Amino acid sequence: MKKILFISGSMNMGGVEKSLLRLLKAIDKTKYTVTLMLIKKSGILTDEIPLDICVYEMPFTDESARNQALNPLYKQSLIEYLRYVVDFKFFNRKQHIEPSWIQSLLRKACSFDETFDLAIDFHGYGHFGIPYLFEKVSAKKKAVFIHDENISGFYGVYQYIKKADCFFAVSDACKKVFTDEYPEFTDKTVKFENIFDTQDIRSKALEKTSIQFKIENQSVVFISVGRLETQKGFDRGVAVFRRLKGEGYQFRWYVIGDGSQRKNLEQMISDGALDNDIFLIGNQKNPYPIVSQADIFLQISRHEGKPLAVFEAQSLGVPVFATRYSAVEEQVCHGIDGYIAENNDEAIYKGIKWILENRTEISRYKENLKSFSISNEDSLKKIYGLL
């Protein structure tokens, strides 16, 4: 049988990880042997890895190297950290991997003693999985995924990605952004719709949950799912809702997920006297029974690829309010099954205020979502085609 290797970071709760799980489950195991290599075998989704997948941790000579590979900010010097902060805050760039840092980690990483027909860095984003794939893995063909419109992480690993046989972009918009920046890879870049199982999501939504929304007034219930990181924009959501509460509007916002911004968000919620209006309920292994209770799914990211959480909400009949990212119109039809706001704080404020003042539109959006369906049957053929 043909042998396929996937490389990723960990199995923490996130869109990339859930996409990976669905892909692993969908591959035909009667024809292909599948191996998954994680930088660190950890995370809430680890137990959901199919039993017919061989799982390994990336081999390092010491654990500090593993932590650095998983998090490029781990034990960085003050100068390197400040450079990252400036890049992110003022230029909206992701972590830029320094060549010296990559070489240092590669010296501590051990080669994987097996040869594959196809090896894929699924995590993408320009993290350490890419240098490892091209320097430490033996495979006949190698490919890289692109999950986000922010591709700045690839700049620091260009010397490696130029060796790739294929790039899988999760949306037309991501493909365009990537090939506009790297036109030399145009012929190697294909759109790959993430594997999506509508029936599985709807089935899981019927499971019992201890979290039930108790609404004592006419509040609109918003729900979000995502890592509590700056990219996801939850901080500006808190600021907008604080402003709306001051104007007398009633709402509830539940946020599923965890991350480095949790304490900051908790402080913002407390400072705004929003403790009875905004609830951070942490990671949930099965978020669907909770999401299905909401009126509106709030996706207010500063940048995105093609978030699975949007499709998941829509498959449960929950309309989406989204800020504009490159692929948003591939997912949400403004005024028909959801609302698209420009990607700035004022537009988010005006859009949510409009939703609160026009609740009947929510019912119309929900009615239009009854016919929601998505097909990505051709995606697997694009992987098989490389073998």
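Residues numbered from 1 in each chain as written. Predicted model: local features only at pLDDT ≥ 70, side-chain atom pairs only at ≥ 80, totals over all residues. Heavy atoms only, no water.

(A) Region of the structure containing unusual backbone geometry. Non-glycine residue Ala-273 carries a positive phi angle of around 55°. For Ala-273, the location among the structural elements is in the loop between α10 (262–271) and β10 (278–282). A relative accessible area of 47% places Ala-273 in the partly exposed class. (Helix = DSSP H or I, 4+ residues; strand = E, 2+ residues; numbered from the N terminus. Buried < 20%, exposed > 50% of the residue type's maximum accessible area, 1.4 Å probe, protein only.)

(B) Region of interest: the sheet that holds β10. What the six strands build is an open sheet, ordered β10-β9-β8-β11-β12-β13; its pairing is parallel. The open sheet has two edge strands, β10 and β13 (338–341), and neither has a second partner. For this sheet, the mean angle separating the axes of adjacent strands, direction not counted, is 20°. Relative to strand β12 (residues 320–323), strand β11 (residues 296–299) is paired through three bridges, and the arrangement is parallel. Among the inter-strand pairings, Gln-299 is bridged to a residue of β12, identified as Ala-322. (Pairing = 2+ DSSP bridges. Axes fitted to C-alpha atoms, helices over the stretch in contact; angles between N-to-C directions.)

(C) View of the packing of aromatic side chains. For the structure shown, the criterion picks out 28 aromatic pairs. Aromatic side chains Phe-128 and Tyr-132 sit 6.3 Å apart centroid to centroid with 55° between the ring planes, which places their arrangement in the tilted category. Classification of Phe-128 by relative accessible area gives buried; the value is 0%. Taking the centre distance of 6.4 Å and the plane angle of 65° together, the rings of Tyr-155 and Tyr-182 count as edge-to-face. Here Tyr-155 is found in the loop between β5 (138–146) and α6 (158–161), whereas its partner Tyr-182 is found in the loop between α7 (172–181) and β7 (189–191), with 27 residues between them in sequence. According to the relative accessible area criterion, Tyr-155 is partly exposed, its value standing at 39%. The exposure class of Tyr-182 is buried, given its relative accessible area of 6%. Ring-pair connections join several aromatic residues into one group, and the members of that group are Phe-154, Tyr-155, Tyr-158, Phe-167, Phe-178, Tyr-182 and Phe-185. Its guanidinium or amino end placed over the ring of Phe-116, Lys-3 lies 5.6 Å from that ring's centre, counting from NZ or CZ. Its guanidinium or amino end placed over the ring of Tyr-349, Arg-243 lies 3.5 Å from that ring's centre, counting from NZ or CZ. (Phe/Tyr/Trp six-rings, centres within 6.5 Å; stacked < 30°, edge-to-face > 60°. Lys NZ or Arg CZ within 6 Å of the ring centre and 35° of its normal.)

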